[in-house]
Amino acid sequence: MSSLPTQHQRVLSGMRPTGRLHLGHYHGVLKNWVNLQHEYECFFFVADWHALTTHYEDPSMIESSTWEMVIDWLAAGISPGSAKLFIQSQVPEHAELHTLLSMITPLGWLERVPTYKDQQEKLKEKDLATYGFLGYPLLQSADILVYKAGMVPVGEDQVAHVELTREVARRFNHLYGREPGFEEKSEQAVAKMGKKNARMFMDCRKKYQEEGLQDSLDVAKALLDSQQNISIGDKERLFGYLEGSGKIILPEPQALLTPASKMPGLDGQKMSKSYGNTIALRDTPDEIDKKIRTMPTDPARVRRNDPGDPAKCPVWQFHLVYSSQEIQDWALEGCRSAGIGCVDCKKPVIDAVLVELKPIQERAREYEDDIGTVKAIVADGNEAARDVARDTLEEVRKAMGIAYL
Ligand code: TRP
Ligand code: SF4
């Protein structure tokens, strides 16, 4: 598996511009991003071209949705000091790499991506028999590979796209990593490790390539990882040399599976705009109070004196996300014995949601009042992203023989 050493790992993820975000996004994705930004170099982007693959007939909402979404990212605690925030279409290198990768990607790989048929079925009212829709997972591969991202935080539904990305990267490296003099350059790089390490490295390589010993591969990788006086270029070469492929120009990313959010919608289904069961991060306290007060509860509790079963009640799911053990015990007991009413039971949930959202809403208001700052943050991110993307494309063009230097 061709991946670069951990210290070079970059995190990349994207979200389609769907407008204002809700608690499902917050608990499922954004909190995860906020944590990652302190540990890794992170790039987060608005996937506006991806939105066009399904909304090409009415793209009018894309631009406003983009700004609303970025405001919510910032309000949720994504910090422009730690992460780069940018817009896909402002970094045209994504499109260039997409075109180049399309040359080497077998049609069958795209037709077999599970989301392809699924989404066409699900969105029957739209004509998705387009070139762009078929190619969309490859565009996602370009999004990832153009930053040589090592880790891609995604939900379960996107794992197949990261898998496709790995296959495309492998194929690319296989086809174009065979630079002139690859063997000699690799041997020279091995020599730089010093006699003892070089011998150990070559032993492991032989054992892996001839006997398929995974342990030997791991040992050699760790050894390579720890070398101080070998350049990144030589390391990329040697990771390929070790595995028997060419130079690794596009490293294979790993999916970083985001655990499914425990945050349900108001009706107990997955929280989603299309179900109309959301609490938006910027709903007012009155709206939130009303939405939770009118949430359905265990249908068996018709009268105040009827005992209930929390397992059949979406409010209980909210307690699991928001309440202390003590309050949970109180709700469980009170529900089963009809000791409390549903209105009582919902009160601490309402309070907890409001407490959670208060600082987020305050920050959102500051950005709403100063959209110039939001745009400047994204302009900075666009530039930082382009700097990285430009370097990758230079390498890619060179490897494919169209650098015209
Ligand atoms: N396809 C993703 C979605 O629909 C969004 C996305 C586009 C993405 N490019 C990406 C996610 C690259 C991770 C990495 O949710
Ligand atoms: Fe649901 Fe609480 Fe009412 Fe029980 S008491 S049905 S858990 S809202």
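For the structure itself, consult the block above.
Residues numbered from 1 in each chain as written. Chains lettered and ligands numbered in written order. Predicted model: local features only at pLDDT ≥ 70, side-chain atom pairs only at ≥ 80, totals over all residues. Heavy atoms only, no water.

K.L.:
Just to check I follow, could you spell out helix H10 (residues 195-211) for this structure?
P.N.:
Residues lying three or four places apart along an α-helix face the same way, a consequence of the helix completing one turn every 3.6 residues. For H10, built from 17 residues, the straight-helix expectation of 24 Å at 1.5 Å per residue is met to within 8% by its first-to-last C-alpha distance of 24 Å. Of the surrounding elements, those touching the buried residues of H10 are helix H9 (182-191), helix H11 (214-225) and helix H12 (232-243). Positive phi shows up at Gly212, right after H10, with a value of about 70 degrees. (Helix = DSSP H or I, 4+ residues; strand = E, 2+ residues; numbered from the N terminus. Expected span 1.5 Å × (residues − 1). Contact = heavy atoms within 4.5 Å.)

K.L.:
How do you make sense of the packing of aromatic side chains when you look at a structure like this?
P.N.:
Two measures describe an aromatic ring pair: the distance that separates the ring centres and the angle between the ring planes. Summed over the entire model, instances satisfying the criterion amount to eleven aromatic pairs. With a centroid separation of 5.2 Å and an interplanar angle of 20 degrees, the aromatic rings of Phe43 and Tyr147 are classed as stacked. Of the two residues, Phe43 is situated in strand E2 (residues 41-46) and Tyr147 in the loop between helix H7 (131-145) and strand E4 (151-154); the sequence distance between them amounts to 104 residues. Looking at Phe43, the relative accessible area reads 1%, which means it is buried. Here Phe182 and Tyr241 contribute two aromatic rings whose centre-to-centre distance is 6.3 Å and whose plane-to-plane angle is 70 degrees, an arrangement assigned as edge-to-face. With Phe182 in helix H9 and Tyr241 in helix H12, this residue pair connects regions lying 59 residues apart in the sequence. (Phe/Tyr/Trp six-rings, centres within 6.5 Å; stacked < 30°, edge-to-face > 60°. Buried < 20%, exposed > 50% of the residue type's maximum accessible area, 1.4 Å probe, protein only.)

K.L.:
I keep staring at the site of ligand 1 and nothing clicks. Help me out?
P.N.:
Around ligand 1, 14 residues are found, and the nearest of them are Arg16, Tyr136, Gln140, Asp143 and Gln158. Interatomic distance of 3.0 Å between a side-chain N/O atom of Gln140 and a nitrogen atom of ligand 1. At the level of secondary structure, the elements contributing two or more residues to the shell around ligand 1 comprise strand E1 (10-15), H7 and E4. Per element, the largest residue contribution to the shell around ligand 1 is four residues, and it comes from H7. In the shell around ligand 1, the residues fall into seven nonpolar, five polar and two charged. (Near = heavy atom within 4 Å. Polar contact = N/O pair within 3.5 Å; in protein donor to acceptor, adjacent residues only side chain to side chain. Nonpolar A, V, L, I, M, F, W, Y, C, P; charged D, E, K, R; others polar.)

K.L.:
How do you make sense of the environment of Ser186 when you look at a structure like this?
P.N.:
As for its placement among the helices and strands, Ser186 is situated in helix H9. C-alpha of Ser186 to C-alpha of Glu236: the two residues are 50 residues apart in sequence and 9.8 Å apart in space. Leaving out residues up to four positions away in the same chain, Ser186 has contacts with Arg237, Leu238 and Tyr241.

K.L.:
Could you clarify how one ought to interpret the site of ligand 2 in this entry?
P.N.:
Residues in close proximity to ligand 2 include Thr297, Asp298, Arg301, Cys313, Val315, Cys335, Cys342 and Cys345, which together make up its full environment. Class assignment for the residues of the shell around ligand 2 results in five nonpolar, one polar and two charged.

K.L.:
Which parts of the structure should I look at to understand the pairing of E4?
P.N.:
Regular strands show a simple pattern: their side chains alternate between the two faces of the sheet. On E4, burial covers both faces: Met151 and Pro153 on one face and Val152 and Val154 on the other are all buried. One ladder, built from four bridges, connects E4 with strand E5 (residues 254-257); its direction is parallel. What sits directly across from Val152, in E5, is Ala255. (Pairing = 2+ DSSP bridges.)

K.L.:
Would you mind going over the environment of Ala76 with me for this structure?
P.N.:
Relative to the helices and strands, Ala76 resides in helix H3 (residues 62-76). When the C-alpha atoms of Ala76 and Val34 are compared, they prove to be 8.0 Å apart, with 42 residues separating the residues in sequence. When near neighbours in sequence (up to four residues on either side) are disregarded, Ala76 contacts Tyr26, Leu30, Val34, Ile360 and Arg363.

K.L.:
What is the right way to look at helix H2 (residues 48-55) in this model?
P.N.:
Here H2 has its buried residues at Asp48, His50, Ala51, Thr53 and Thr54. Of the surrounding secondary structure, the elements contacted by the buried residues of H2 are E2, H3, strand E3 (83-87) and H7.

K.L.:
Honestly, the pattern of salt bridges in this entry has me stumped. Any pointers?
P.N.:
Opposite charge on two side chains makes pairing possible when the charged atoms of those side chains draw close. This structure, assessed with the given rule, holds 21 salt bridges. A salt bridge links Glu68 to Arg20, with the shortest nitrogen-to-oxygen separation between them at 3.4 Å. Here Arg20 lies in the loop between E1 and helix H1 (23-39) and Glu68 lies in helix H3, a separation of 48 residues in the sequence. Its relative accessible area of 39% is what places Arg20 among the partly exposed residues. Taking the shortest distance from any N to any O, the salt bridge between Glu93 and Arg386 comes out at 3.3 Å. You can see Glu93 sitting in helix H4 (residues 93-102) and its partner Arg386 sitting in helix H17 (residues 371-400), a full 293 residues away along the chain. Accessibility expressed as a relative area gives 6% for Glu93, which makes it buried. Among the charged side chains, a network of salt bridges with common partners joins Arg20, Glu68, Asp72, Arg282 and Glu368. (Salt bridge = Lys/Arg side-chain N within 4 Å of Asp/Glu carboxyl O.)

K.L.:
Can you help me understand the side chain of Lys235 in this one?
P.N.:
Position of Lys235 relative to the elements: it lies in helix H12. For the buried residue Lys235, which engages in no salt bridge, the nearest side chain bearing the opposite charge is Asp225, 5.2 Å off. Here the side chain of Lys235 touches Asp225 through a polar contact of 3.4 Å, landing on its backbone oxygen. (Lys, Arg positive; Asp, Glu negative; His and termini not counted.)

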